[in-house]
Amino acid sequence: MPIAPTARRRVAPLRRAAAVTTLAALAALVGVGACGGDDDPGTPPPTPTIALAATSGISVVAGQAGATTLTLTRGGGYTGTVTLAVAGAPTGASATLAPSSLATGVASSALTVTTTAQTAPGTYPLVVTASGSGVTSATANVSLTVTAPTPVAGFTVALASPTVSVAAGAAQGGTATLNFTRTGGFTGGLTIAASGAPAGLTVEVPTTPVTGTSATITVRPAATVAAGTYPITLRVSGTGVP
């Protein structure tokens with residue numbers, strides 16, 4: 001009697017099929033990830049910036065004016081208008097900017113400081129601020145140096161008393177004291193001349209240049225001089241001074 005063959009279960013092929021199916025799914029997932037590479041954001045746009053710098057500091061003598069140039073640098077594609085402002089000018093001085101608003105394409109401005117005789121000598125820090133819409137402000141520091149003017153050689157004169165009273169014909173006459181103040185290192189002699197005296201009235205002044213701080217002026221009216229008030233002019237001059 002023939003023997004019927006025993007049925008066999010084919011397990012291994014099913015495991016391979018499952019493995020093949022799993023690998024196919026992984027490949028599909030990898031493929032999806034690879035397609036996502038087209039979403040790279042790339043390089044971000046540059047940040048707009050401005051910078052400000054001064055060519056030099058400013059040095060002036062009190063009573064005069066000085067200037068420097070400010071240069072603006074735009075970066076990151078910034079083209080907007082920039083406004084300038086300055087602070088720190090000392091008492092008796094003023095600071096101006098020309099122009100104070102820098103439009104597109106304009107990159108420089110002149111900073112001018114004008115002082116007066118009342119501006120105290122010293123060094124002063126000036127700060128210039130540049131600002132624009134959508135950009136961080138920038139500053140530039142400018143050193144302002146003010147020096148005292150060189151003293152001018154000269155002198156001043158003043159009478160101790162503006163009038164002299166004397167009797168006509170008085171033997172000793174009347175006297176007035178003329179005081180001198182020298183300035184700016186002047187030490188030279190001073191020459192005195194009188195004018196305006198009427199006939200019979202003699203005005204005696206030093207005959208040589210005066211090197212001291214005062215001089216005596218003597219007025220001698222003759223007995224024939226009528227009583228009255230007579231204006232007399234004293235002119236003082238010094239060598240090498242106005």
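Residues numbered from 1 in each chain as written. Predicted model: local features only at pLDDT ≥ 70, side-chain atom pairs only at ≥ 80, totals over all residues. Heavy atoms only, no water.

1. A closer look at the sheet that holds strand E3 (residues 65-75)
Stage number 1. Taken in spatial order, the 4 strands line up as E1-E3-E7-E5 in an open sheet, and their pairing is antiparallel. Where the open sheet ends on each side, the last strands, each with one partner, are strand E1 (49-54) and strand E5 (93-98). Taken over all neighbouring pairs, the strand axes of this sheet differ in orientation by 20° on average, direction set aside.
Stage number 2. Where E5 meets strand E7 (residues 108-115), 6 bridges bridge the pair, whose relative direction is antiparallel. (Pairing = 2+ DSSP bridges. Helix = DSSP H or I, 4+ residues; strand = E, 2+ residues; numbered from the N terminus. Axes fitted to C-alpha atoms, helices over the stretch in contact; angles between N-to-C directions.)

2. A short note on the sheet that holds strand E2 (residues 58-61)
Stage number 1. Strand order in the open sheet formed by 5 strands is E2-E9-E8-E4-E6, and the pairing between neighbours is mixed. Bordering the open sheet on either side are E2 and strand E6 (101-102), each of which pairs with just one other strand.
Stage number 2. Bridge count between E2 and strand E9 (residues 135-147): 4 bridges; the pairing is parallel. What sits directly across from Val60, in E9, is Val146.

3. Considering the side chain of Ser109
Stage number 1. Along the polypeptide, Ser109 turns up in strand E7.
Stage number 2. Of the polar contacts made by the side chain of Ser109, one reaches the backbone nitrogen of Ala98; its length is 3.5 Å. (Polar contact = N/O pair within 3.5 Å; in protein donor to acceptor, adjacent residues only side chain to side chain.)

4. Some points on the confidence of the model for the chain
Stage number 1. Taken over all residues, the pLDDT of the chain has a mean of 87, while the share at 70 or more is 83%.
Stage number 2. Throughout residues 14-35 the model reports pLDDT below 50, and contacts reaching past four residues in sequence, or to other chains, amount to 0 contacts. (pLDDT = per-residue confidence, 0-100. Contact = heavy atoms within 4.5 Å.)

5. A closer look at the layout of surface pockets
Stage number 1. As a volume, the largest pocket reaches approximately 640 Å³.
Stage number 2. Breaking the lining of the largest pocket down by element, the ones donating at least two residues are strand E10 (154-159), strand E11 (174-183), strand E13 (201-204), strand E14 (214-221) and strand E15 (233-238).
Stage number 3. Looking at which element gives the most residues to the lining of the largest pocket, the answer is E14, with 3 residues.
Stage number 4. When grouped by side-chain class, the residues that make up the lining of the largest pocket number 22 nonpolar, 5 polar and no charged. (1 Å grid on protein atoms, 1.4 Å probe; cavity = no way out; pocket = protein on both sides within 12 Å on 5 of 7 lines; lining within 4 Å. Points joined across faces, edges and corners; volume = space filled by probe spheres on them. Nonpolar A, V, L, I, M, F, W, Y, C, P; charged D, E, K, R; others polar.)

6. Some remarks on the environment of Gly57
Stage number 1. Among the secondary structure elements, Gly57 is positioned in the loop between E1 and E2.
Stage number 2. Sequence separation between Gly57 and Thr145 is 88 residues, and the spatial gap between their C-alpha atoms is 7.9 Å.
Stage number 3. Those residues in contact with Gly57 that lie beyond four places of it in its chain are Thr68, Val142 and Ser143.

7. Examining unusual backbone geometry
Leave glycine aside and you will find that most residues have negative phi; peptide bonds, for their part, are mostly trans.
Stage number 1. Cis geometry is found at the peptide bond from Ala98 to Pro99, where omega equals -5°.
Stage number 2. When you line up the elements, Pro99 lands in the loop between E5 and E6.

8. Some points on the environment of Ala54
Stage number 1. Position of Ala54 among the secondary structure elements: in strand E1.
Stage number 2. Look at Ala54 and you get partly exposed, because its relative accessible area is 28%.
Stage number 3. Taking the C-alpha atoms as reference, Ala54 lies 4.4 Å from Leu70; in sequence the two are 16 residues apart.
Stage number 4. Residues contacting Ala54, with those up to four places away along its chain left out, are Thr69, Leu70, Ala140 and Val142. (Buried < 20%, exposed > 50% of the residue type's maximum accessible area, 1.4 Å probe, protein only.)

9. Considering the environment of Ala51
Stage number 1. Mapping Ala51 onto the fold places it in strand E1.
Stage number 2. Between the C-alpha atom of Ala51 and that of Thr139, which follows or precedes it by 88 residues, the distance is 7.4 Å.
Stage number 3. Excluding anything up to four places from it in sequence, Ala51 contacts Thr71, Leu72, Thr73 and Ala138.

10. A look at the pairing of E11
Stage number 1. By the bridge criterion, 6 bridges tie E10 to E11 in an arrangement that is antiparallel. Across the sheet, residue Ala158 finds its bridge partner in E11, namely Asn179.
Stage number 2. Sheet analysis places E11 next to E14, joined by 6 bridges and oriented antiparallel. Along E14, the bridge assignment pairs Thr175 with Thr218.

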